[in-house]
Amino acid sequence: MPFDQLFAILACALLAGLAVFQVVLIAGAPLGRAAWGGQHRVLPAKLRIGSAVSIAVYALFAYAALAKAGLVPVLVSESFTAITMWVMTAYFVLGVLMNGISRSKPERLIMTPTTIALAAMYLILAFH
């Protein structure tokens with residue numbers, strides 16, 4: 001298996017894990033200290049909506065990674081997909097910074113390495 005396909009699949013697996021985490025938060029699990037700045041043990045309604053939006057965003061990110069690796073059809077164009085990879089890489093780099101400065105220790109310990117891994121995988125896909 002080519003390494004770009006491997007990284008796309010790994011990125012999708014990590015995004016799927018994050019989506020499951022968001023579903024658990026939406027369901028009211030007391031894991032809110034590891035997300036959204038860690039200010040709430042159980043997420044309030046507005047942040048639960050944010051978690052639902054995050055799931056949709058993760059799905060788009062996953063599709064883009066799979067498209068860049070040639071595992072699913074490109075929806076717009078190859079050049080659009082290439083630019084999208086760079087934008088998503090920047091998004092995850094920003095996520096590394098935001099999670100790294102979070103006041104929430106669980107968020108720093110869990111989400112910072114997660115976003116580092118995603119930033120690295122999307123950077124590799126962007127270069128390929």
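Presented here is a report on the structure given in the accompanying data block.

Procedures and definitions
Residues numbered from 1 in each chain as written. Predicted model: local features only at pLDDT ≥ 70, side-chain atom pairs only at ≥ 80, totals over all residues. Heavy atoms only, no water. Helix = DSSP H or I, 4+ residues; strand = E, 2+ residues; numbered from the N terminus. Buried < 20%, exposed > 50% of the residue type's maximum accessible area, 1.4 Å probe, protein only. Contact = heavy atoms within 4.5 Å. Patch = residues over 30% accessible without salt bridge, like charges linked within 9 Å, V, L, I, M, F, W, Y side chains within 5 Å. Areas by Shrake-Rupley, 256 points an atom, 1.4 Å probe, with all protein chains shown as cover. Salt bridge = Lys/Arg side-chain N within 4 Å of Asp/Glu carboxyl O. Axes fitted to C-alpha atoms, helices over the stretch in contact; angles between N-to-C directions. Parallel < 35°, antiparallel > 145°, perpendicular 65-115°, else oblique. Left-handed = near helix turned anticlockwise from the far one by under 90°. Nonpolar A, V, L, I, M, F, W, Y, C, P; charged D, E, K, R; others polar.

### Focus: the side chain of T115
Next, step 1: Following the sequence through the fold, T115 ends up in helix α4 (residues 105–127).
Next, step 2: On the basis of relative accessibility, which here comes to 10%, the residue T115 falls in the buried class.
Next, step 3: Residues in contact with T115, not counting those within four places in the same chain, are F92, G95, V96 and N99.

### Quick word on a nonpolar patch on the surface
Next, step 1: On the surface, a nonpolar cluster with roughly 460 Å² of combined accessible area is contributed by M1, L6, I9, L10 and L71.
Next, step 2: Tracing the backbone shows L71 in the loop between α2 (45–68) and α3 (78–100).

### What about the packing of helix α1 (residues 3–26) against α4?
Next, step 1: Packing of α1 against α4 brings their axes to within 9 Å, and their N-to-C directions diverge by 150°. Viewed along their axes, α1 and α4 adopt a mutual orientation that is roughly antiparallel. Of the two possible hands of crossing, α1 and α4 adopt the one that is left-handed. Side by side, α1 and α4 meet where F3, D4, F7, A8, L10, A11, L14, L15, L18 and F21 of the first sit next to M111, T114, A117, L118, M121, Y122, I124 and L125 of the second.
Next, step 2: Its residues assigned to classes, the contact of α1 with α4 comprises 16 nonpolar, one polar and one charged.

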